[in-house]
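Geometric and topological summary
Listed below, chain by chain, are the residues.
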Amino acid sequence: MATTTLRETAGPEETEVLGEELGRRLRKGDLVLLKGELGAGKTTFVRGIARGLGSEALVASPTFQLVRVYPGRIALAHVDLYRLESHSELAELGLDELLDAGAVVVEWGDRIEAPDAAVVVIEHRGGNHRLIRVTRDLPH
Ligand code: ADP
Ligand code: MG
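Sequence order sets the numbering: in each chain, residues are counted from 1 along the sequence as written. Note on labels: chains are lettered from A, ligands numbered from 1, in written order. Reporting in this predicted model follows two pLDDT cut-offs: at least 70 for local features of residues, and 80 or more for side-chain atom pairs to be given and counted; totals over whole chains, interfaces and linings ignore these cut-offs and use all residues. To obtain the side-chain values, all non-hydrogen atoms of the structure were included, while hydrogens and water were left out.

**Focus: the side chain of Lys42**
- Helix and strand labels come from DSSP, where a helix needs a run of H or I of at least four residues and a strand needs a run of E of at least two; each type is numbered from the N terminus. Structurally, the position occupied by Lys42 is in helix H2 (residues 42–52).
- Relative accessibility decides the category of a residue: with a 1.4 Å probe and only protein chains considered, values under 20% of the type maximum give buried, values over 50% give exposed, and everything between is partly exposed. Here Asp and Glu are counted as negative and Lys and Arg as positive; His is not counted, and neither are the chain ends. Salt bridge, as used here: a side-chain nitrogen of Lys or Arg that lies within 4 Å of a carboxyl oxygen of Asp or Glu. Glu107 provides the closest opposite charge to the buried, salt-bridge-free Lys42, at an N-O distance of 4.6 Å.
- Polar contact is the term for a pair of N or O atoms within 3.5 Å; when the atoms are in protein, one must be able to donate a hydrogen and the other to accept it, and sequence-neighboring residues count only if both atoms are side-chain atoms. Of the polar contacts made by the side chain of Lys42, one reaches the backbone oxygen of Gly36; its length is 2.8 Å.
- With residues near it in sequence (within four places) discarded, Lys42 still touches Leu34, Lys35, Gly36, Glu37, Glu107, Trp108 and Ile122. Contact between two residues is taken to exist if any of their heavy atoms lie within 4.5 Å; hydrogens are not considered.

**Description of the pattern of salt bridges**
- Inspection of the entire model under this criterion finds 8 salt bridges.
- As a salt-bridge pair, Arg51 and Glu13 come within 3.2 Å of each other at their nearest N and O atoms. With a gap of 38 residues between them, Arg51 in helix H2 and Glu13 in helix H1 (residues 12–25) connect regions that are remote in the sequence.
- Using a relative accessible area of 33% as the deciding quantity, one classes Arg51 as partly exposed.
- You can call Glu13 partly exposed: its relative accessible area is 44%.

**Section: the site of ligand 1**
- Around ligand 1, a shell composed of 16 residues is seen, among which Thr15, Gly39, Lys42, Thr44 and Asn128 lie nearest.
- Here a nitrogen atom of ligand 1 sits 2.6 Å away from a polar atom, N or O, in the side chain of Thr15.
- Between ligand 1 and the protein, one listed contact pairs an oxygen atom with a backbone N or O atom of Ala40 at 3.3 Å.
- Tallying contributions element by element places H2 first for the shell around ligand 1, with 3 residues. Being near a molecule or strand, for a residue, comes down to having at least one heavy atom within 4 Å of it.

And the structure:
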């Protein structure tokens, strides 16, 4: 995903592969914001990111926790802000500490402000087709 910023995928596995490409490039301190409606494929993309980081963790939507950390080449904190209810919850998340410990990927990333973050937008394109756009790439 380094040079191409727009791709269409025809199924979840293809979306995972794009996530995997990004995951291989992640370094400690990187923040990735994922945007897209429910069922767009954000969690699927995170599954690929984890694979790209050499993690064998089972990636699922964190239902009750806001964050889960998967071990790998570097730690991956998987944040899902779908159920975020207040600013204090966001503060308790300790984003800075998570970034000190590894890379962070955030589903519903439009709910936070982060000028240095990479941004990936996933859109439905009918059936199993999705448009994946890297609207802001990693800084390296
Ligand atoms: P989100 O986290 O954005 O709510 P999920 O990744 O949990 O979305 O779910 C996406 C759903 O859409 C899954 O059931 C997945 O199998 C399906 N799907 C179908 N086609 C694609 C595709 N091209 N990319 C990603 N997911 C897809
Ligand atoms: Mg999800």
